[in-house]
Amino acid sequence: MKPAWLEAMCTEKFFAPCPIHESAKKNEKNICCLDCCISICPHCVMAHRFHRLVQIRRYVYHDVVRLEDLEKLIDCSNVQAYTINSAKVIFIKKRPQNRQFKGSGNYCTSCDRSLQEPFLHCSLGCKVDFVLKQYKDISPFLRRCTTLQLSPDFFIPQDMADDDTAHSTIVDSDEPWGSSMSDSSGSENMMMMMSTSTFPCTEFVRKKRSGLYVCGRTVVNSNYKNLSSDEDMATSMSRRKGIPHRSPLC
């Protein structure tokens, strides 16, 4: 007979909305708990954090598992693996393919799917069925695995984090928060007063000089004369080249 975790992995429906976290985001059931033999979503990880967990991935609309994780549970020899994002994966369930005329080549023992040499099975389910049909017992192919955790790059929703941890990222200061705010506001007010008393109005003038548009800044003040820098900018940007000289005719 198949072990309970293998039966659950082959029969559970993954990537369906989690009924426990219907209103939450990222609630697709893409994890298989091998101890509970159920499919869970990322929001359920904390309740199963001490169990053996396997992440289920999608490839060509089919469920796959990383070969590195699956080899810790069962012998995956002669099962064709595929590469996704530099990681080798194996299909979980069968992918039947009807062939009226089976030519020469290497085909799956259960699905008649074309395979590369020297593989014999296109998925884990195909190998399990082949072993049960030939040897009547799958226990010699099983491996003892007591701990199995998710990969470090697995996405965990932010709402699962503790609020105290989120607020602890604020940098502490030696001075009280109110005094620092008053000092900063006072410095800002001082800067505003200086800017309004000295240069109350600043205008950007766009002028056309020698076929080029030049933006110059003009400062207007009742106590000061108009200060314009567009003349210098126009001079620097619209410098004419010298009169071109033709090469002498031969």
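Per chain, residue numbering runs from 1 following the sequence as it is written. Where totals are concerned, whole chains, interfaces and linings use all residues; where local detail is concerned, this predicted model gives features only for residues with pLDDT of at least 70, and gives and counts side-chain atom pairs only at 80 or more. Hydrogen atoms and water are omitted, and side-chain values are computed over all heavy atoms in the structure.

## Some points on empty space enclosed by the protein
For clarity, the threshold we go by: Space inside and on the surface of the protein is sampled on a 1 Å grid over the protein atoms alone, with a cavity defined as a set of points where a 1.4 Å probe fits but cannot get out and a pocket as an open set with protein on both sides within 12 Å along at least 5 of 7 lines; lining residues have an atom within 4 Å of a point. Grid points are joined across faces, edges and corners, and a volume is the space filled by probe spheres set on the points. For helices the rule is a DSSP run of H or I covering at least 4 residues; for strands it is a run of E covering at least 2, with both sets numbered from the N terminus onward. All residues other than Ala, Val, Leu, Ile, Met, Phe, Trp, Tyr, Cys, Pro, Asp, Glu, Lys and Arg, Gly among them, are scored as polar; the first ten of these are nonpolar and the last four charged.
By the definition in use, this model includes 1 cavity of 30 Å³ or more. Contributing to the lining of the largest cavity are Leu53, Val54, Gln55, Arg57, Arg66, Asp69, Gln149, Leu150 and Ser151. With 3 residues, strand 3 (residues 53–55) is the largest single contributor of residues to the lining of the largest cavity. Here the lining of the largest cavity is composed, by residue class, of 3 nonpolar, 3 polar and 3 charged.

## A look at the sheet that holds strand 1 (residues 31–33)
The test is simple: Strands are treated as partners if at least two bridges between them are detected by DSSP. All axes here are fitted lines through C-alpha atoms, helices being fitted over the stretch that makes contact, and every angle between N-to-C directions spans 0 to 180 degrees.
The strand order 2-1-3 describes an open sheet built from 3 strands, whose pairing is antiparallel. Only two strands of the sheet have a single partner each, and these edge strands are strand 2 (38–40) and strand 3. Strand-to-strand twist of the sheet, defined as the mean angle between neighbouring strand axes without regard to direction, takes the value 30°.

## Remarks on the sheet that holds strand 4 (residues 57–59)
Consider a sheet: its strands pair through backbone hydrogen bonds, and that pairing is either parallel or antiparallel. Taken in spatial order, the 4 strands of this open sheet run 4-5-7-6, and their pairing is antiparallel. Of all the strands in the sheet, just strand 4 and strand 6 (82–84) have a single pairing partner and so form its edges. Adjacent strand axes in the sheet meet at a mean angle of 55°, parallel and antiparallel pairs treated alike. Across 3 bridges, strand 6 lies against strand 7 (residues 87–91) in antiparallel orientation. What sits directly across from Ile84, in strand 7, is Ala87.

## Looking at the packing of aromatic side chains
The condition that has to hold: Two rings belonging to Phe, Tyr or Trp (six-membered ring only in the last case) form a pair when the distance between their centres is within 6.5 Å. Interplanar angles under 30 degrees mark stacking, angles over 60 mark edge-to-face geometry, and anything in between is tilted. Classification of residues uses two cut-offs on accessible area relative to the type maximum, computed with a 1.4 Å probe and protein chains only: under 20% is buried, over 50% is exposed, and between them is partly exposed. Here, a charge over a ring is recorded when the distance from Lys NZ or Arg CZ to the ring centre is within 6 Å and its angle to the ring normal is within 35 degrees.
Scanning all chains against the criterion turns up 4 aromatic pairs. Between Tyr59 and Tyr82 the ring centres are 6.2 Å apart and the planes differ by 40°, which places this aromatic pair in the tilted class. One end of the pair, Tyr59, is in strand 4; the other, Tyr82, is in strand 6, and 23 residues separate them in sequence. Taking the relative accessible area as the measure of exposure, Tyr59 reaches 28% and is therefore partly exposed. Here a set of aromatic residues connected by ring pairs shows up, and it is made of Tyr59, Tyr82 and Phe91. The positively charged end of Arg95 is found above the aromatic ring belonging to Phe91, 3.7 Å away from the centroid.

## Comments concerning helix 3 (residues 124–135)
Here is the rule we go by: One less than the number of residues in a helix, times 1.5 Å, gives the span that helix is expected to have. Contacts are residue-level and defined by heavy atoms, with any inter-residue pair within 4.5 Å sufficient. Counted as a polar contact is a pair of N or O atoms within 3.5 Å, where, for protein atoms, one must be capable of donating a hydrogen and the other of accepting one, and residues adjacent in sequence contribute only when both atoms are in side chains.
A rise of 1.5 Å per residue sets the reference length of helix 3, with its 12 residues, at 16 Å; its end C-alpha atoms lie 16 Å apart and thus fit the reference within 8%. When helix 3 is considered as a whole, its buried residues turn out to be Leu124, Gly125, Cys126, Lys127, Val128 and Val131. Residues of helix 3 that are buried sit in contact with helix 1 (4–11), helix 2 (67–70) and strand 7. Between the side-chain oxygen of the N-cap and the backbone nitrogen of Cys126 there are 3.3 Å, and the N-cap of helix 3 in question is Ser123.

Don't take any of this as a statement about function, it's just geometry.
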